[in-house]
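Overview (structure and organization)
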Amino acid sequence: MTDAASLKSDLLAAVEGAADLASLEEVRVSALGKKGRITALMGDMRNLSPEERKERGQLLNALKEEVGQALESRRDVLKKQELAKRLEAERIDVTLPTRPEAEGRIHPITQTIDELVAIFADMGFTVAEGPDIESDWNNFTALNIPENHPARQMHDTFYLPNSPEGQARVLRTHTSPVQIRTMLKQKPPIRIIAPGRTYRSDYDQTHTPMFHQVEALVIGEDIHMGHLKGCILEFARAFFQIDDLPIRFRPSFFPFTEPSAEVDIGCKRSGGELKLGPYGDWLEIMGSGMVHPAVLENCGIDSSRYQGFAFGMGIERIAMLKYGIPDLRTFFEADLRWLKHYGFVPLDQPSLAQGLTR
Ligand code: PHE
């Protein structure tokens, strides 16, 4: 029996000496595992007489029990120690001051574009892009504005030297050439918006030589002016966040749409102040119309099968209206005080679910 007695003191010492949970597990396996020392002694009982086996069995069971309990209480102690160590290591000083708010601001133009993208993405539009340096053909000719057409004069175009291939080039005067680019490479149905920079040689309180527009284009098999109207109404109410904002269509002319309409939103003007809403007065915000069949044909789209609508508006203009920014030119003066005042906190990403602006 001395083997059992010395095994017991051996094992209990090993349990007490285990410095962490991993070495305690090793002790457990060496005693009670398949090839453990207690397990081996139990195996040896096969060769004993029944009486001896009974006695030996009780003894070994008691040993097993005792070692098991020792293991368990040691495990409790070690677990508590490890937790205490972790808590100490991961301690947080809750008295530290918070981090200062980010200094940077999102420019109102970028903010407005993000809002436009959120609104139109929700209506199933994707974002298309085109270059600032555009071919004369994409900017004018394909849009049904032939050379020497008076409409070209309306645009105060910046003309550029021809491309190396001899192609006439301009700084795009509107985002409408992205309509052409899109229709040339994509088959209907088409539903895109194209925000971006545009250029006209003009400078006063309401004009800067560079400004931004957003274009929308929808082409499909049964598209009519009702869709145009519904889409613009939905956009205007979502963007200006006024549920009963009325819109009005006035007949107009653009060479690339037929019929064409200018779109007004409701407002009132009193004491030099402008307020948007159903107040009886009107303010123009965009040009629109059904895509001219000639434009569809210029892009290889069968105008007897497909129709569509398009509209375009100035981004600075709608940003000024929404955010009460009085002077267009300040957008491009890169004055940090202005940006701090009119800019947006970078983490507030516009979304329809969480609100466009907070
Ligand atoms: N491109 C026109 C402009 O710059 C706006 C417009 C776009 C009108 C699409 C009709 C359709 O004034």
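Residues numbered from 1 in each chain as written. Predicted model: local features only at pLDDT ≥ 70, side-chain atom pairs only at ≥ 80, totals over all residues. Heavy atoms only, no water.

1. Section: the overall build of the protein chain
- Check the secondary structure of the protein chain and you find eleven helices and eleven strands.
- For 358 residues, the compact-globule estimate of 2.2 N^0.38 gives 21 Å, and the protein chain exceeds it by more than 25% at 39 Å.
- Counting only C-alpha atoms, the protein chain reaches 120 × 50 × 50 Å along its principal axes.
- Counting only residues that meet the buried cut, the protein chain has 41% of its 358 residues in that class. (Helix = DSSP H or I, 4+ residues; strand = E, 2+ residues; numbered from the N terminus. Rg over C-alpha atoms; globule rule 2.2 N^0.38 Å. Buried < 20%, exposed > 50% of the residue type's maximum accessible area, 1.4 Å probe, protein only.)

2. Describing the packing of aromatic side chains
- By the definition in use, this model includes eleven aromatic pairs.
- When the centroid spacing of 6.1 Å and the interplanar angle of 40° are considered together, the rings of Phe331 and Phe332 count as tilted.
- The rings of Phe120, Phe125, Phe235, Phe239, Phe240, Phe309 and Phe311 are connected pair by pair, giving a single aromatic cluster.
- Across from the ring centre of Phe239, 4.5 Å away, lies the NZ or CZ of Lys322, which sits over that ring.
- The lysine or arginine in question, Arg329, covers the ring of Tyr203, its NZ or CZ lying 5.7 Å from the ring centre. (Phe/Tyr/Trp six-rings, centres within 6.5 Å; stacked < 30°, edge-to-face > 60°. Lys NZ or Arg CZ within 6 Å of the ring centre and 35° of its normal.)

3. Concerning the packing of helix H5 (residues 108-122) against helix H10 (residues 315-323)
- At a closest axis distance of 10 Å, the pairing of H5 and H10 adopts a crossing angle of 95°. Comparing the axis directions of H5 and H10 gives the class roughly perpendicular. Taking contact as the criterion, the partners of Ile109, Gln111, Thr112, Ile113, Glu115 and Leu116 in H5 are, on H10, Ile315, Glu316, Ile318, Ala319, Lys322 and Tyr323.
- Of the residues in the contact of H5 with H10, the class split is seven nonpolar, two polar and three charged. (Axes fitted to C-alpha atoms, helices over the stretch in contact; angles between N-to-C directions. Parallel < 35°, antiparallel > 145°, perpendicular 65-115°, else oblique. Contact = heavy atoms within 4.5 Å. Nonpolar A, V, L, I, M, F, W, Y, C, P; charged D, E, K, R; others polar.)

4. Some words on the site of the ligand
- Around the ligand lies a shell of 14 residues, among which His174, Ser176, Arg200, Gln213 and Glu215 are the nearest.
- The side chain of Arg200 places a nitrogen or oxygen atom 3.0 Å from an oxygen atom of the ligand.
- Burial of the ligand by the protein chains amounts to 90% of its free accessible area of 320 Å².
- Those elements that place two or more of their residues in the shell around the ligand are strand S6 (210-220), strand S10 (281-291) and strand S11 (307-314).
- If one sorts the elements of the shell around the ligand by residue count, S11 sits on top with three residues.
- Across the shell around the ligand, the residue classes break down as four nonpolar, eight polar and two charged. (Near = heavy atom within 4 Å. Polar contact = N/O pair within 3.5 Å; in protein donor to acceptor, adjacent residues only side chain to side chain. Areas by Shrake-Rupley, 256 points an atom, 1.4 Å probe, with all protein chains shown as cover.)

5. Some words on H10
- The element H10 is extensively covered by neighbouring structure, given that eight of its nine residues are classed as buried.
- Those residues of H10 lying buried are Ile315, Glu316, Ile318, Ala319, Met320, Leu321, Lys322 and Tyr323.
- One or two positions beyond H10, positive phi appears at Gly324, with a value near 60°.

6. Remarks on the domain arrangement of the protein chain
- Structurally, the protein chain comprises domain 1 (2-89) and domain 2 (106-342).
- A straight line from the C-alpha centre of domain 1 to that of domain 2 covers 81 Å. (Domains from an automatic or database assignment.)

7. Some points on the sheet that holds strand S3 (residues 159-160)
- Across the sheet, which stays open at both edges, the three strands sit in the order S2-S4-S3 with antiparallel pairing between neighbours. Bordering the open sheet on either side are strand S2 (133-135) and S3, each of which pairs with just one other strand.
- Judged from the two bridges that link them, S3 and strand S4 (residues 169-171) form a sheet pairing that is antiparallel. Opposite Leu160, over in S4, you have Arg169 as the bridge partner. (Pairing = 2+ DSSP bridges.)

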